[in-house]
Amino acid sequence: MTALPPAAANLLGFARLLRAGGFIVAPEQVVTFMQGVTLLGPRSMKDIHGAARAALAPPPDRMDEFEALFRSWFWGDAMVVADGEDDEETRIRDDSGIVREKREPPRKERGGELSSRREQLGDRVFVADDDARLEHFGRRLRPALPTRRSFRSNRAVSRGRLDLRRSLRAIVGADGDIPRPDLRRRAEVARKLLLLIDISGSMKRHTSDYLKLAHAIVQNAPRVEVFTLGTRLTRITPSLKLRDRSRAMARAAEVVEDWDGGTRIGPTLLALLAIPRFAAFARGAAVAILSDGLERGSHAEMEAAIRRLSARAFRTLLLTPLAADPRFQPQTAALKAVLPYLDDLVDGSSIESITTSILSLSRPAVDLKVP
């Protein structure tokens with residue numbers, strides 16, 4: 001079978017994304033869409049957008065979702081309006097391998113005192129020094145991850161189910177003799193890991209360590225996704241797949257635009273759940289949120305987002321630097337509201353505490369009680 005040209009494969013991928021999101025798209029519509037793009041040139045993205053709307057025919061009541069998926073797929077950048085009292089737009093950026101131009105150096109702010117909903121764009125420069133702790137953590141990570149039973153099965157010597165087809169084939173090949181039966185057992189695979197890193201001003205002193213840790217996890221775990229949360233949502237997994245830590249962190253620093261700005265945890269998490277291919281990754285995954293949880297404004301959006309994440313996830317953790325104090329108790333309305341949906345609320349103030357929590361994901365969680 002002849003492979004599709006890259007441009008055609010991209011158009012076909014958008015149709016598959018719509019199907020994954022619950023849109024009804026017939027094969028004839030996909031062919032019409034691709035023919036329409038060919039007929040229009042296309043001269044610009046506007047032509048592709050027009051062909052998509054005409055050929056794929058999204059229903060009127062789902063037009064906003066269609067537009068969000070179109071921008072997410074073709075631009076790596078979508079505007080999603082999360083339900084909330086202020087209806088602010090949350091921008092989603094998906095690192096698709098395009099390096100943007102550098103902006104002028106931003107003015108210096110006392111980021112540690114910032115914890116607001118106001119958007120402030122800026123750049124960061126990270127020093128990716130060698131850390132023996134992360135090397136040791138990387139070697140221990142894969143066998144320590146929680147597992148699930150796969151739908152695939154492997155041949156087993158004992159304690160498996162009878163593979164009737166292979167066993168009958170062996171009997172026929174042995175002229176009716178009964179050889180040792182073939183057994184199969186469902187394979188165990190590592191669960192997905194979803195890291196959500198708060199990069200707001202109040203978390204500025206921890207951001208560098210969090211990114212170094214995320215790079216070590218991406219390099220050593222089989223299936224990981226990493227997003228940054230601020231006033232925007234940014235997917236940085238492709239950046240962290242670069243083997244060299246310095247290059248990976250420099251690339252992530254270029255992709256993310258809202259370093260050390262305000263805090264909109266609820267809206268950014270709701271925006272993540274609004275994109276089907278992002279929300280699907282949370283299903284059955286261990287979700288680790290590295291944040292102080294200091295949401296500004298109403299906590300209703302944060303509560304709704306954590307509740308929906310928890311319903312999809314295998315395990316939900318909030319790793320907050322505030323828990324470094326043994327006397328820490330959730331006091332804010334937001335933390336008290338999300339506590340029933342968390343499996344763990346633990347110390348996130350250092351690399352040591354975070355790696356200890358991640359390496360213990362396969363152990364039972366401790367029940368959390370609202371004080």
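Now for the overall build of the protein. Summing up its helical and strand segments, the protein has 14 helices and 11 strands in all. The proportion of buried residues among the 371 residues of the protein is 50%. Within the protein, contacts between residues at least 6 apart in sequence are counted, and of these 75% link residues at least 24 apart.

Before going further, it helps to spend a moment on the pattern of salt bridges. By the definition in use, this model includes 9 salt bridges. A salt bridge links Asp 344 to Arg 315; the shortest N-O distance between them is 2.8 Å. Taken together, the residues span a long stretch of sequence, with Asp 344 in strand S11 (residues 344–347) and Arg 315 in strand S10 (residues 315–320) at a distance of 29 residues. Like Arg 315, Asp 344 is buried. The salt bridge involving Asp 325 is made with Arg 327; its shortest N-O contact spans 3.3 Å. For Asp 325, a relative accessible area of 31% translates into the label partly exposed.

Time to look at the confidence of the model for the protein. For the protein, per-residue confidence averages 81 on the pLDDT scale, and residues scoring 70 or more make up 81% of the total. Long-range and interchain partners of residues 79–87, a stretch whose pLDDT sits below 50, account for 25 contacts in this model, where long-range means more than four residues apart. When the criterion is pLDDT under 50, residues 98–115 qualifies, and its contacts beyond four places in sequence or with other chains add up to 37 contacts.

Packing of helix H7 (residues 204–220) against helix H14 (residues 351–359) brings their axes to within 10 Å, and their N-to-C directions diverge by 35°. Pair H7 / H14 crosses with right-handed handedness. Only Ile 351, Ile 354, Thr 355 and Ile 358 of H14 make contact with H7, whose side of the interface consists of Asp 209, Tyr 210, Leu 213 and Ile 217. Grouping the constituent residues of the contact of H7 with H14 by class yields 6 nonpolar, 1 polar and 1 charged.

We now examine the sheet that holds strand S3 (residues 147–156). Pairing between the strands of a sheet is mediated by backbone hydrogen bonds and can be parallel or antiparallel. Strand order in the open sheet formed by 3 strands is S3-S5-S4, with antiparallel pairing between adjacent strands. Strands at the two margins of the open sheet, each flanked by one partner only, are S3 and strand S4 (161–162).

This part is about the environment of Arg 180. The topology assignment puts Arg 180 in the loop between helix H6 (164–173) and strand S5 (183–190). Expressed as a C-alpha distance, the spacing of Arg 180 and Ser 167, which sit 13 residues apart in the sequence, is 8.1 Å.

A word on the packing of aromatic side chains. Overall, the coordinates contain 7 aromatic pairs when judged by the stated rule. Here the aromatic rings of Phe 14 and Phe 74 are separated by 5.2 Å at their centres, their planes lie at 55°, and the arrangement is tilted. Here the residue Phe 14 occupies a position in helix H1 (residues 6–20), and Phe 74 occupies one in helix H4 (residues 63–74), the gap between them amounting to 60 residues. Each of the two residues, Phe 14 as well as Phe 74, counts as buried. Ring geometry for Phe 70 and Phe 74: centres 4.6 Å apart, planes at 40°, overall tilted. One end of the pair, Phe 70, and the other, Phe 74, are both in helix H4, 4 residues apart, so they sit about a helical turn from each other. We classify Phe 74 as buried; its relative accessible area is 16%. An aromatic cluster is built from Phe 14, Phe 23, Phe 33, Phe 66, Phe 70 and Phe 74, whose rings are joined through pairwise contacts. Sitting over the ring of Phe 23, Arg 62 keeps its end group 4.0 Å from the ring centre.

Analysis parameters
Residues numbered from 1 in each chain as written. Predicted model: local features only at pLDDT ≥ 70, side-chain atom pairs only at ≥ 80, totals over all residues. Heavy atoms only, no water. Helix = DSSP H or I, 4+ residues; strand = E, 2+ residues; numbered from the N terminus. Buried < 20%, exposed > 50% of the residue type's maximum accessible area, 1.4 Å probe, protein only. Contact = heavy atoms within 4.5 Å. Salt bridge = Lys/Arg side-chain N within 4 Å of Asp/Glu carboxyl O. pLDDT = per-residue confidence, 0-100. Axes fitted to C-alpha atoms, helices over the stretch in contact; angles between N-to-C directions. Left-handed = near helix turned anticlockwise from the far one by under 90°. Nonpolar A, V, L, I, M, F, W, Y, C, P; charged D, E, K, R; others polar. Pairing = 2+ DSSP bridges. Phe/Tyr/Trp six-rings, centres within 6.5 Å; stacked < 30°, edge-to-face > 60°. Lys NZ or Arg CZ within 6 Å of the ring centre and 35° of its normal.

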